[in-house]
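What follows is the residue order along each chain.
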Amino acid sequence: MQATVTRSDNTDEQGADTDIVVFSGQVNGNEKTLVIDSEGISKRASYFTNDKTGGTVGVHELEVSGVAEPGSEVELLDTSGQVVGRVTVDGSGQWQTLLSADTLNQGELTAKATDTQGNITTDTTQYHVGTKGNDSLMGDTTGDVFYGGAGSDEFIGGGNNDTFIWKGDDEGTVNIPEVDTIQDFALGNFTTDDEADRLDLSELLQGESVSSIDSYLHAEDDGNGNTVLYINSEGDLNGSDNANQLVTLQDVQMAEGQSSSDFIQQMLNDGQLLIDSGSSASTHGGNEGAYIGLNQVDKTIDS
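Residues numbered from 1 in each chain as written. Predicted model: local features only at pLDDT ≥ 70, side-chain atom pairs only at ≥ 80, totals over all residues. Heavy atoms only, no water.

A. Geometry of the side chain of Asp-144. Mapped onto the secondary structure, Asp-144 falls in strand E12 (residues 144-147). Although Asp-144 is buried, it forms no salt bridge, and the closest oppositely charged side chain is Arg-198 at an N-O distance of 12 Å. Not counting chain neighbours up to four residues away, the residues in contact with Asp-144 comprise Gln-126, His-128, Gly-139, Gly-157, Asn-161, Asp-162 and Thr-163. (Helix = DSSP H or I, 4+ residues; strand = E, 2+ residues; numbered from the N terminus. Buried < 20%, exposed > 50% of the residue type's maximum accessible area, 1.4 Å probe, protein only. Lys, Arg positive; Asp, Glu negative; His and termini not counted. Salt bridge = Lys/Arg side-chain N within 4 Å of Asp/Glu carboxyl O. Contact = heavy atoms within 4.5 Å.)

B. Region of interest: the side chain of Thr-227. Tracing the backbone shows Thr-227 in strand E18 (residues 227-231). In this structure the side chain of Thr-227 is engaged in a polar contact, spanning 2.7 Å, whose partner is the backbone oxygen of Val-252. In contact with Thr-227, other than residues within four places in its own chain, are Ala-219, Glu-220, Val-247, Thr-248, Leu-249, Val-252, Gln-253, Met-254 and Phe-263. (Polar contact = N/O pair within 3.5 Å; in protein donor to acceptor, adjacent residues only side chain to side chain.)

C. Examining helix H1 (residues 260-269) more closely. All of the buried residues in H1 are Ser-260, Phe-263, Ile-264, Met-267 and Leu-268. In an axial view of H1, the angular spread of the buried residues amounts to 140 degrees, which keeps them on one side of the axis. Looking at the buried positions of H1, the neighbouring elements they touch are strand E16 (198-200), strand E17 (217-221), E18 and strand E20 (273-274). Residue Gly-271 follows H1 closely and has a positive phi angle near 70 degrees. (Arc of directions from axis to C-beta.)

D. The pattern of salt bridges, seen in detail. A complete count under the given rule lists 2 salt bridges for this structure. Here Glu-75 makes a salt bridge to Arg-86, at a shortest N to O gap of 3.3 Å. Here Glu-75, found in strand E6 (residues 73-77), pairs with Arg-86, found in strand E7 (residues 83-88); they are 11 residues apart in sequence, far enough to count as distant. You can call Glu-75 partly exposed: its relative accessible area is 23%. The partner of Lys-167 in a salt bridge is Glu-203, and the shortest N-O contact between them spans 3.1 Å.

So, in structure tokens, the structure goes:
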């Protein structure tokens, strides 16, 4: 085995130094990674190396956020019911925390919120998190949350109310935009239609509002029965020109004669498009713990 060795000193939760050694190379033509951790391998950690940026090493973490009554205590439970995280809801009803997991690409999380009066609300989310490369993510017949990350990704929601999330820096460039495809996106009112899906662009778009949304988002029929959303995260869109992100809604057809502005406004009205401000659909639900946002974070340790 020919391998690259990356070593790093990591500080654990008690402040003590731990040594991590990572061997990354090929065995019989297959890419393999061997991790040695002086404090023992965490079965919930997903270690990574990135020799292209100076040989960094660390763990992937899952950033989880949501809403609940201010002051509530939120427990996060995995599929087996084990508590994997706890967080206190802030005064605005928002909560956020980081989790480490052995399988970050998919799983189930339940948020159990207990308010100051002892009332309990729960919400369970099936999640699918991609990498910084090209991914194919498939859901099931429950409502799923998808975060593809950077790269050009393909999604199959699988039915029920699915949410597809984009974050800042997921986009490409005007010269080489990222191109994502959703194979089974369903139009409809997200609140009342069990099959309607939604796009969350609230953290991808910068400075957008309902009145300026046409500078960020343009919808166009591609002539093959699909609707393509041309996106510029900074609001520099000119029709379909200057897009740094494309999202193809496969088999979704705009109504005959419907303009891009009307199509986008309909998505906003139906809660199928989440943006930061100026929209009744810009929030992620009420203070009932009914929304779990996801983001993969690379906790890098310099070598």
